[in-house]
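Each chain is listed here by its residues.
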Amino acid sequence: QVHLVESGGGLVQPGGSLRLSCAVSGIIFRFNTMGWYRQAPGKERELVANIISTGGITKYVDSVKGRFTISRDNAKNTVYLQMNSLNPDDTAVYYCNTDPPNRSGSWGQGTQVTVSS
């Protein structure tokens, strides 16, 4: 079963930065496209960035382009999300998962990101 552990969230002022990490087990990590998702209060979960298995191609939702960077370390079974120039609209619980999400329906506990002055 897929096991996902997100970390690195917190409270940050507008314009600040955070780096999220996600440790993955239970799958052959290096074979999977990975994604970072977020869910804001009252909204559906959305995919904000993904990265193919080799790390050579990344995609971003328009609202985070130029501010967020997704990366991965296949030796560590870990995917990262560097978030810069954060604004209050980025406030959400952030999750990682395969893209598309794994068929077992497993999700981690997520990590809360709050952008506020």
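Right, let's walk through the structure included here.

Cut-off values and rules
- Residues numbered from 1 in each chain as written.
- Predicted model: local features only at pLDDT ≥ 70, side-chain atom pairs only at ≥ 80, totals over all residues.
- Heavy atoms only, no water.
- Salt bridge = Lys/Arg side-chain N within 4 Å of Asp/Glu carboxyl O.
- Buried < 20%, exposed > 50% of the residue type's maximum accessible area, 1.4 Å probe, protein only.
- Helix = DSSP H or I, 4+ residues; strand = E, 2+ residues; numbered from the N terminus.
- Core = buried A, V, L, I, M, F, W, Y, C linked by side-chain atoms within 4.5 Å.
- Contact = heavy atoms within 4.5 Å.
- Phe/Tyr/Trp six-rings, centres within 6.5 Å; stacked < 30°, edge-to-face > 60°.
- Polar contact = N/O pair within 3.5 Å; in protein donor to acceptor, adjacent residues only side chain to side chain.
- Pairing = 2+ DSSP bridges.
- Axes fitted to C-alpha atoms, helices over the stretch in contact; angles between N-to-C directions.

1. Points about the pattern of salt bridges
Side chains that differ in sign of charge can pair as their charged atoms come close.
Next up, step 1: Applying the stated criterion across every chain, the model contains four salt bridges.
Next up, step 2: Note that Asp62 is salt-bridged to Lys65, the shortest N-O span being 3.0 Å.
Next up, step 3: Given the relative accessible area of 61%, Asp62 is considered exposed.
Next up, step 4: We note a salt bridge from Asp90 to Arg67, for which the minimum N-O separation is 2.7 Å. You can see Asp90 sitting in the loop between β8 (78–83) and β9 (92–98) and its partner Arg67 sitting in the loop between β6 (58–60) and β7 (68–73), a full 23 residues away along the chain.
Next up, step 5: The exposure class of Arg67 is buried, given its relative accessible area of 14%.

2. Description of the nonpolar core
A general tendency of soluble globular proteins is for nonpolar side chains to be buried together.
Next up, step 1: One finds Trp36, Val79, Leu81, Met83 and Tyr94 to be the most contacted residues of the largest nonpolar core, which totals 26 residues.
Next up, step 2: Elements that contribute at least two residues to this core include exactly β3 (18–25), β4 (34–39), β5 (46–51), β7, β8, β9 and β10 (111–115).
Next up, step 3: With four residues, the top contributor of residues to this core is β3.
Next up, step 4: Dropping the residues within four chain positions of it, Tyr94 is found in contact with Glu6, Leu20, Trp36, Tyr37, Arg38, Phe68, Leu81, Met83, Gly110, Thr111 and Val113.

3. Topic: the packing of aromatic side chains
Next up, step 1: Inspection of the entire model under this criterion finds two aromatic pairs.
Next up, step 2: Look at Tyr95 and Trp107: their rings are 5.8 Å apart centre to centre, the planes differ by 80°, and that puts the pair in the edge-to-face class. Taken as a pair, Tyr95 in strand β9 and Trp107 in the loop between β9 and β10 lie far apart in primary sequence, 12 residues in all.
Next up, step 3: With a relative accessible area of 29%, Trp107 lands in the partly exposed category.

4. With respect to the side chain of Arg38
Next up, step 1: Within the secondary structure, Arg38 is located in strand β4.
Next up, step 2: A polar atom in the side chain of Arg38 sits 3.0 Å from the side chain of Tyr94.
Next up, step 3: Ignoring sequence-local partners within four residues, the contact set of Arg38 consists of Glu44, Arg45, Glu46, Val48, Ser63, Val64, Phe68, Asp89, Asp90, Ala92, Val93 and Tyr94.

5. A closer look at the sheet that holds strand β1 (residues 3–7)
Next up, step 1: A sheet is described by the order of its strands in space; here four strands give the open sequence β1-β3-β8-β7, paired in antiparallel fashion. Strands at the two margins of the open sheet, each flanked by one partner only, are β1 and β7. Geometrically, the sheet is characterised by an average inter-axis angle of 15° between neighbouring strands, direction not taken into account.
Next up, step 2: Bridge analysis of β1 against β3 gives five bridges, and the strand direction is antiparallel. Paired with Glu6 across the bridge in β3 is Cys22.

Just distances and angles here, no functional claims.
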